[in-house]
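Each chain, written out:
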Amino acid sequence: ITGERHMLSSTMESMKTLYGVMRCVSCSSVYTHNHFDRGRRSCRKCISEKEVDTLEKFAKHIVKLAQGRCPDDSIQVTVTPEWVIHRFHSIGGKCELCGGQMTYTKERKDESSKFVIGQSNVSMDQIIDKAGYTESNVQLVHRLCNVMKMDLSMGEFLSVCRMVTEKHSCVK
């Protein structure tokens, strides 16, 4: 089997190099390379059909993402998908930073682009950056809020929010 995989892989690379096309390993269709995300062997259409549509699947997805960010065990990941689901329900599905309702679906930009994670989707924020994805150090927040907070402490994040609000005080 290993030899067959190597041969399949080298055949796909040859197709890509010689003809600028690749065969999708999921549907066997042949497309130009721009129908594939970098490093993926399934076309965007097949990947989009594997859309996350339940909280259970999404919880597994975000825990797996956290584990992928910490491959060398330098940052502890002890939260489980079950904990994420329980926490999500216990906070009423509301973002722990802004209070808005969180979602757990994938959204499409347009027909030609790949699926992207929605900005209102639940994500795990480390309250203290690099202190690990543990129950005592994780809050569930909108993806957008998490991106905005980045690695800031809560105090720093709130200070920046205050400055933006003060500058645009005419906005209510």
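Above: the structure in question.
What comes next is a walk through the structure. Model, not experiment: these values are computed from the prediction.

Helices and strands together make up the secondary structure of the chain, namely six helices and six strands. Its helices and strands taken in sequence order, the chain reads α-β-β-α-α-α-β-β-β-β-α-α from the N to the C terminus. Taking all 172 residues of the chain together, 31% fall into the buried category. Here the analysis covers contacts within the chain between residues at least 6 apart in sequence; of these, 40% occur between residues at least 24 apart.

Here we take up the pattern of salt bridges. One pass over the full model with this rule turns up three salt bridges. Between R87 and E96 there is a salt bridge whose closest N-O contact spans 2.5 Å. Notably, a salt bridge pairs K149 with D125, separated by 3.2 Å at the nearest N-O pair. Taken together, the positions of K149 in helix α5 (residues 143–149) and D125 in strand β5 (residues 122–126) put the pair 24 residues apart, joining distant regions of the chain. Comparing K149 with D125 shows no difference in burial state: the two are buried.

Let us now look at the nonpolar core. Core analysis: the biggest nonpolar cluster contains 23 residues, and V84, M124, Y133 and L140 have the highest contact counts within it. Those elements that place two or more of their residues in this core are α3 (55–69), α4 (81–90), β5 and β6 (138–142). The leading source of residues in this core is α3, at six residues. Excluding its chain neighbours within four sequence positions, the residues that come into contact with Y133 are A66, R69, C70, I75, Q76, V77, T78, V79, M124, Q126 and V138. If you look at the next biggest cluster of nonpolar residues, it comprises five residues, including C24, F36, C43 and C46.

This brings us to the packing of aromatic side chains. This model, assessed by the stated rule, comprises two aromatic pairs. Ring geometry for Y31 and F36: centres 6.4 Å apart, planes at 65°, overall edge-to-face. For Y31, a relative accessible area of 23% corresponds to the partly exposed category. Residue classification places F36 among the buried positions, given a relative accessible area of 5%.

Let us now look at the side chain of D125. Given a relative accessible area of 1%, D125 falls into the buried group. Here the side chain of D125 touches K149 through a polar contact of 3.2 Å, side chain to side chain. Discounting chain neighbours no more than four positions away, the residues touching D125 are N137, V138, Q139, V141, N146, K149 and M150.

Parameters and conventions
- Residues numbered from 1 in each chain as written.
- Predicted model: local features only at pLDDT ≥ 70, side-chain atom pairs only at ≥ 80, totals over all residues.
- Heavy atoms only, no water.
- Helix = DSSP H or I, 4+ residues; strand = E, 2+ residues; numbered from the N terminus.
- Buried < 20%, exposed > 50% of the residue type's maximum accessible area, 1.4 Å probe, protein only.
- Contact = heavy atoms within 4.5 Å.
- Salt bridge = Lys/Arg side-chain N within 4 Å of Asp/Glu carboxyl O.
- Core = buried A, V, L, I, M, F, W, Y, C linked by side-chain atoms within 4.5 Å.
- Phe/Tyr/Trp six-rings, centres within 6.5 Å; stacked < 30°, edge-to-face > 60°.
- Polar contact = N/O pair within 3.5 Å; in protein donor to acceptor, adjacent residues only side chain to side chain.

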